[in-house]
Amino acid sequence: MQKLPRLITAMITPFKNDYSVDFEGAQKLALQLIEEGNEGLVISGTTGESPSLNKEEKLDLFKAIKEVVGSKAWVIAGTGSNSTLDSARFTEEAAGTGVDGVMLVTPYYNKPTQDGLYQHFKIVAESIDLPVILYNVPGRTGINLLPDTVVKLAEVPNIVALKEACGNLDQVSALKTKLPEDFYVYSGDDILTLPMLAVGCYGIISVVAHIVGKQMSAMIKAYLTGDIQKATQIHLQLYPIFKALFVVSNPIPVKKALELVGRPSGKLRLPLVEPSPAETEIIRGALKKVGALS
């Protein structure tokens, strides 16, 4: 298997004024992100408003992005849901669009046990031959994928990585003491990218790289080449955007940020709504601080 990229962006889904998917805008944004240092894109993840997209829209997005990206970067399809059989069927369909891998979120709302999580991910992963990234985000799903369960899942041949957004460096450290060296752990929180690299993690599946991809790439490279001072400096320079793009639920702030810098973003689909004027000013101020907006 080709080595996974270190900087991946969880891409937004642009919508037109009538709330239909702006496929042309999505293709344009994907190419811009790649030009700025992103080596991979997650399509139809949380940031892509996956709960508000239907199956046909998702499949069409996977095809559209892969068509323009080709081999320039990894295209990773968000195919997880809280139904194991539906996830397996949809993941099979997504694999047929030519994507390079899939990302599977922990099942939400029905709150399975750790054994239920293990069986869910194993069944879905075994439905395809592509690399699988697990996604743990307890703040959204209400369930935490624990380290021992990840270790068991790492034995499934095509489960190769985890996007860890538990926000707990103790849990991340426990993961790294138990997992094999060739299993990739990504930060799922931009603000924790540098601390998670410091405890042995591999990279970031990012939101802020929509705006500061070059800087995120430079920070990772500086850390990996031993220039910790430079990596720390970049982290601190980016701190305002780390905070501002999560001032309210993702992807509300990043879509407003893209609009402010003149990139494809479009509407939000309900139940998500526009940020308040005060929140917009926080986003605008952070964009100016990091040099993304004059």
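A brief look at the structure comes next. (Residues numbered from 1 in each chain as written. Predicted model: local features only at pLDDT ≥ 70, side-chain atom pairs only at ≥ 80, totals over all residues. Heavy atoms only, no water.)

**Looking at empty space enclosed by the protein**
Spelled out, the test is: Only protein atoms enter the 1 Å grid used here, on which a cavity is any set of points holding a 1.4 Å probe that cannot leave and a pocket is any open set flanked by protein within 12 Å on both sides along at least five of seven lines; residues with an atom within 4 Å of a point are listed as lining. Grid points are joined across faces, edges and corners, and a volume is the space filled by probe spheres set on the points. Charged means Asp, Glu, Lys or Arg here, nonpolar means Ala, Val, Leu, Ile, Met, Phe, Trp, Tyr, Cys or Pro, and polar covers whatever is left, Gly included.
Throughout the structure, instances matching the rule amount to one cavity of 30 Å³ or more. Reported here for the largest cavity is a volume of approximately 40 Å³. Classifying every residue of the lining of the largest cavity by side-chain character gives three nonpolar, one polar and four charged.

**Here's the deal with the nonpolar core**
Which entries qualify depends on this criterion: Residues belong to a common nonpolar core when they are buried Ala, Val, Leu, Ile, Met, Phe, Trp, Tyr or Cys residues joined through side-chain atoms within 4.5 Å. Accessibility here uses a 1.4 Å probe with only protein chains present; expressed as a share of the type maximum, an area under 20% marks a residue as buried, one over 50% as exposed, and anything in between as partly exposed. Helical segments are the DSSP runs of H or I of at least four residues, strand segments are the runs of E of at least two, and each set is numbered from the N terminus. We call two residues contacting when some pair of their heavy atoms lies within 4.5 Å.
Counting 80 residues, the largest nonpolar core has Met11, Leu41, Ile65, Ile159, Met216 and Ile241 as its most contacted members. Ranked by residue count, the leading element in this core is helix 9 (residues 209-224), at eight residues. Not counting residues within four places of it along the chain, the set of residues in contact with Met216 comprises Leu7, Asp190, Thr193, Ile204, Ser206, Val208, Leu238 and Phe242. Counting 18 residues, the second largest nonpolar core, distinct from the first, contains Ile8, Ala10, Ala165 and Tyr186.

**A short note on the sheet that holds strand 1 (residues 7-10)**
What counts is decided by this rule: Being paired, for any two strands, means DSSP has found at least two bridges between them. Comment: axis = line fitted to C-alpha atoms, over the contacting stretch for helices; angle = value between 0 and 180 degrees taken between N-to-C directions.
In space, the eight strands of this closed barrel follow the order 1-2-3-4-5-6-7-8, with parallel pairing throughout. Along the sheet, successive strands turn relative to each other by an average axial angle of 25°, direction set aside. Summarising the sheet, strand 2 (residues 40-43) and strand 3 (residues 74-78) pair through four bridges and their orientation is parallel. Bridge pairing links Ile43 to Ala77 in strand 3.

**Structural notes on the packing of helix 1 (residues 23-35) against helix 2 (residues 55-69)**
Short version of the rule: Oblique is the label for any angle not under 35 degrees, not over 145, and not in the 65 to 115 range, which are roughly parallel, roughly antiparallel and roughly perpendicular in turn. Crossings are assigned a handedness: left-handed for a near helix turned anticlockwise from the far helix by less than a right angle, right-handed for a clockwise turn.
Interaxial distance between helix 1 and helix 2 falls to 9 Å at its minimum, and their mutual angle equals 45°. One finds that helix 1 runs oblique with respect to helix 2. Both helix 1 and helix 2 take part in a crossing whose hand is right-handed. Here helix 1 contributes Phe23, Ala26, Gln27, Ala30, Leu31 and Ile34 to the contact with helix 2, which in turn contributes Glu57, Asp60, Leu61, Ala64, Ile65, Glu67, Val68 and Val69. By residue class, the composition of the contact of helix 1 with helix 2 is 10 nonpolar, one polar and three charged.

**A closer look at the packing of helix 2 against helix 3 (residues 84-95)**
Two numbers describe how helix 2 lies on helix 3: the axes approach to 10 Å, and their chain directions differ by 30°. Between helix 2 and helix 3, the interaxial angle falls into the category roughly parallel. Seen from above, helix 2 lies across helix 3 with right-handed handedness. Where helix 2 approaches helix 3, its residues Lys55, Lys58, Leu59 and Phe62 are matched on the opposing element by Phe90, Glu93 and Ala94. Tallied by class, the residues present in the contact of helix 2 with helix 3 amount to four nonpolar, no polar and three charged.

**A short note on the layout of surface pockets**
Quantified by volume, the largest pocket comes out at close to 490 Å³. Thr46, Ser50, Pro51, Tyr108 and Arg140 are, among the 23 residues lining the largest pocket, the residues nearest its centre. Elements that contribute at least two residues to the lining of the largest pocket include exactly strand 4 (101-105) and helix 5 (138-141). In terms of residue class, the lining of the largest pocket is made up of nine nonpolar, 11 polar and three charged. Reported here for the second largest pocket is a volume of approximately 300 Å³. Together, 18 residues line the second largest pocket, and Arg140, Gly188, Asp189, Phe246 and Asn250 are the ones closest to its centre.

That is the geometry; function is a separate question.
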